[in-house]
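# Notes for the structure review
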Amino acid sequence: MINLAIQQLSQLDTEGYYLDISAEMIESAHRIAQNRETDWGQNNAFLHWLCWQTIQPWLRENYEIAASDMTENPLWCLSHGQDVWELTNGLGCEIQQFKLAIIPSLDLDTDEFVVPQEWVDLPDFIADHYVAIQMNFEENYAYIWGFASHAMVKNQGVYDAQGRVYRLSHPQMITDCDILWLMQALGKTERAPIAPFVPPLSTELDSILTTVSPAIAPILRRQMPLEMWSAILNHPGDRQRLIEQLPD
């Protein structure tokens, strides 16, 4: 079935991309989400799996244009396990050495792009570019409305210490998404310097994991020392230990 909303919106906005969310995608996302440990994790896993399914055709199509000399179809893959979706917002994907951080949002406006700090300051999570995508479940479409390089997010974004996020206003974003693929094809991956990451001692991490007070992931993320939170995100075993301690 043709999504008339997408047709109409695409005529009004020639720079962004509107992608259809099918009933099959929604059903698949529900199945994936049922395996999560917490209610918040289920909701976040549903959002991110649906986002991942929706954008894959866009990724494949545009990368083939940017890398037209490749003899085989490129294959995008997730950079981290899906359990990350129980702890933070965003999904990392990559092909060869090119990395994107896709940040989905349910907000109905695009006034601001909000990127969790771990995607900007954690070495294993930083990406070359950050893509803003609005998930609209009322009209069943996803809207890719802009992107920014790592340097733009780090240097131009306003850091919100309370929320541990970087914020960029809409005018600060690059809204012509075709430029993303042009920059990638030219090898323009602007990354800003980040502070060295010093992993905590294993005894410190064990202490945190055994004494942390029950709370949903978004609250724990803000309460836990950044070094501890980063170390947990980096290690699948520690991620699972924390997830098992989260309240249902």
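The rules behind the values
- Residues numbered from 1 in each chain as written.
- Predicted model: local features only at pLDDT ≥ 70, side-chain atom pairs only at ≥ 80, totals over all residues.
- Heavy atoms only, no water.
- Helix = DSSP H or I, 4+ residues; strand = E, 2+ residues; numbered from the N terminus.
- Buried < 20%, exposed > 50% of the residue type's maximum accessible area, 1.4 Å probe, protein only.
- Contact = heavy atoms within 4.5 Å.
- Areas by Shrake-Rupley, 256 points an atom, 1.4 Å probe, with all protein chains shown as cover.
- 1 Å grid on protein atoms, 1.4 Å probe; cavity = no way out; pocket = protein on both sides within 12 Å on 5 of 7 lines; lining within 4 Å.
- Points joined across faces, edges and corners; volume = space filled by probe spheres on them.
- Nonpolar A, V, L, I, M, F, W, Y, C, P; charged D, E, K, R; others polar.
- Core = buried A, V, L, I, M, F, W, Y, C linked by side-chain atoms within 4.5 Å.
- Pairing = 2+ DSSP bridges.
- Axes fitted to C-alpha atoms, helices over the stretch in contact; angles between N-to-C directions.

### Let's talk about the overall build of the protein chain
Secondary structure summary: the protein chain contains 10 helices and nine strands in total. The buried share of the protein chain, reckoned over its 248 residues, is 49%. Taking all contacts inside the protein chain whose residues are at least 6 apart in sequence as the whole, residues at least 24 apart take part in 69%. If you sum the accessible surface of the protein chain, you get close to 12300 Å²; carbon and sulfur atoms cover 51% of it.

### Some remarks on empty space enclosed by the protein
In this approach a probe as big as a water molecule rolls over the atoms, and the regions it shows empty are the leftover space. If you walk through the whole model with that rule in mind, you get one cavity of 30 Å³ or more. When its volume is computed, the largest cavity comes out at roughly 40 Å³. Grouping the constituent residues of the lining of the largest cavity by class yields five nonpolar, four polar and no charged.

### Brief notes about the nonpolar core
In terms of nonpolar packing, the biggest core is built from 40 residues, with Phe113, Tyr130, Met224 and Leu242 touching the most fellow members. Ranked by the residues each element gives to this core, the list is headed by helix α9 (residues 226-234), at five residues. Residues contacting Tyr130, with those up to four places away along its chain left out, are Ala101, Phe113, Val115, Trp119, Val120, Gly146, Phe147, Ala148, Ser149, His150 and Val153. Residues Ala33, Trp76, Val131 and Met135 belong to the second largest nonpolar core, which totals 34 residues.

### Notes on the sheet that holds strand β2 (residues 77-78)
Each strand in a sheet pairs with another by means of backbone hydrogen bonds, the pair being arranged parallel or else antiparallel. Strand order across the open sheet formed by six strands is β1-β7-β6-β4-β3-β2, with mixed pairing between neighbours. Pairing within the sheet leaves two strands with one partner each, and these edge strands are β1 (17-20) and β2. In terms of strand pairing, β1 meets strand β7 (residues 141-149) through four bridges, oriented antiparallel. When the sheet's bridge partners are listed, Tyr17 is paired in β7 with Ile144. Helix-sheet contacts for helix α6 (residues 178-185) involve β1, β4 (98-105), β6 (129-136) and β7, and the interaxial angle to β4 is about 160°.

### Quick notes on the sheet that holds strand β5 (residues 112-116)
Read across the sheet, three strands follow the order β5-β9-β8 without closing on themselves; strand pairing throughout is antiparallel. Looking at strand neighbours, the two that pair on one side only are β5 and β8 (158-160), the edges of this open sheet. Each strand of the sheet is rotated relative to its neighbour by a mean of 30°, with strand direction disregarded. Here β8 pairs with strand β9 (residues 165-169) via three bridges, running antiparallel. When the sheet's bridge partners are listed, Val158 is paired in β9 with Arg167.

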